[in-house]
Amino acid sequence: MPRQLIAGNWKMNGLSVPGTRLAGALREAVATAPPPCDLLVCPPFTLVGRLAHVLLGSGVAVGGQDCHAEAAGAHTGDVSAPMLRDAGATAVILGHSERRAGHGETDGQVRAKAAAALAAGLAPIICVGETLAEREAGRQEAVVAAQLAGSLPDGFAVAGAVAYEPVWAIGTGKTPTEAEIAAMHAMIRRTLAARFGAAGAGVRILYGGSVKPSNAKAILALPEVGGALVGGASLVAEDFLAIAAAARA
Ligand code: PEP
């Protein structure tokens, strides 16, 4: 299995001075104490180029939080996958629940964006996850299986990762039990194997939703957990680094 990936989703946070300071702190820390995992930070579009410059050669990769499905054209306000790549990104988060809910993104749109990301040389990190109502109705596996079927393009297993993020765990301080995380990750692994064969075994399945230094070790030790997608805690260098240090060596 590849090393675990700890990815920070800065969401719509970060102006140039504090954002650069945070990236600089990560750069210094990993130079002193390299973590036992791969690290990725996904700032807002406005900081992708700047952070790619600050983190060049540090081992900390930079990613986007969304991209358009087309490479260029009349799409005011959008950013394409080749633009992200050109700015120094190597990955992109796609289908985050905040975009599915706030921008009405469908599985089909996420799949098209992921195909565009792959074509541009970016690793798509595709987010899936059920709402609280869906879990309470016992439908979580069916919901996530449908999202996987609809959102993952052909060829995804070459470079992509899946992030299982229960919507009700994002930014709430609540997390599923370890058994619930393990069960969902096992289902996702079976789904990837059925769709992509041997290549599906190498796809990292991240867990996301209120990962903190206090719970990271237990979550990252679970079978089939290939890393974490971290929101709030990725905005504090010490917290993000403590989560990275808890990765499985
Ligand atoms: C996220 O936004 O992807 C996320 C997991 O957020 P948080 O860690 O704050 O729950």
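Quick notes on the rules
Residues numbered from 1 in each chain as written. Predicted model: local features only at pLDDT ≥ 70, side-chain atom pairs only at ≥ 80, totals over all residues. Heavy atoms only, no water. Helix = DSSP H or I, 4+ residues; strand = E, 2+ residues; numbered from the N terminus. Buried < 20%, exposed > 50% of the residue type's maximum accessible area, 1.4 Å probe, protein only. Contact = heavy atoms within 4.5 Å. Areas by Shrake-Rupley, 256 points an atom, 1.4 Å probe, with all protein chains shown as cover. Lys, Arg positive; Asp, Glu negative; His and termini not counted. Charge placed at Lys NZ, Arg CZ, Asp CG, Glu CD. Pairing = 2+ DSSP bridges. Right-handed = clockwise from strand over helix to strand, strands pointing away. Near = heavy atom within 4 Å. Polar contact = N/O pair within 3.5 Å; in protein donor to acceptor, adjacent residues only side chain to side chain. Nonpolar A, V, L, I, M, F, W, Y, C, P; charged D, E, K, R; others polar. Expected span 1.5 Å × (residues − 1). Arc of directions from axis to C-beta.

**Q** A description of the overall build of the protein should follow, citing residues and the corresponding values.
**A** Each helix and strand counted, the protein has 10 helices and 8 strands in total. The buried share of the protein, reckoned over its 249 residues, is 50%. Taking contacts inside the protein between residues at least 6 apart in sequence as the whole, the part at least 24 apart equals 73%. Accessible surface for the protein amounts to roughly 10500 Å². Of this, 58% is attributable to carbon and sulfur atoms. Averaging the locations of the 20 positively and 20 negatively charged side chains of the protein gives two centres separated by 3 Å.

**Q** Talk me through the pairing of strand E4 (residues 91-94); I want residue IDs and the actual numbers.
**A** Burial along E4 is two-sided: Ala91 and Ile93 facing one way and Val92 and Leu94 facing the other are all buried. Judged from the 2 bridges that link them, strand E3 (residues 60-64) and E4 form a sheet pairing that is parallel. Bridging across to E4, Gly63 finds its partner in Ala91. Handedness of the β-α-β unit built from E3, helix H3 (residues 81-87) and E4 comes out right-handed. Strand direction decides the pairing type here: E4 and strand E5 (residues 123-128), joined by 4 bridges, are parallel. Bridge pairing in E5 places Val92 opposite Pro124.

**Q** Requested: an account of the site of the ligand, with residues and values cited.
**A** Surrounding the ligand, one finds 14 residues, the nearest of these being Lys11, Glu165, Gly171, Ser210 and Gly231. The contact in question runs from an oxygen atom of the ligand to an N or O atom on the side chain of Asn9, over 3.4 Å. Contact between the ligand and Glu165: an oxygen atom at 2.7 Å from a side-chain N or O atom of the residue. Notes on the ligand: free accessible area 290 Å², of which the protein chains cover 97%. A class-by-class count of the residues in the shell around the ligand yields 4 nonpolar, 8 polar and 2 charged.

**Q** Break down helix H5 (residues 107-119) for me, citing the residues and quoting the values.
**A** If you check H5, its first and last C-alpha atoms are 18 Å apart, about what 13 residues at 1.5 Å a residue would give, namely 18 Å. Among the residues of H5, those classed as buried are Val110, Lys113, Ala114, Ala116 and Ala117. Down the axis of H5, the sector holding all buried residues measures 160°, keeping them to one side. On its buried face, H5 sits against H3, E4, helix H4 (97-102), E5 and helix H7 (140-151). Positive phi shows up at Gly121, right after H5, with a value of about 85°.

Read these as spatial facts, not as claims about activity.
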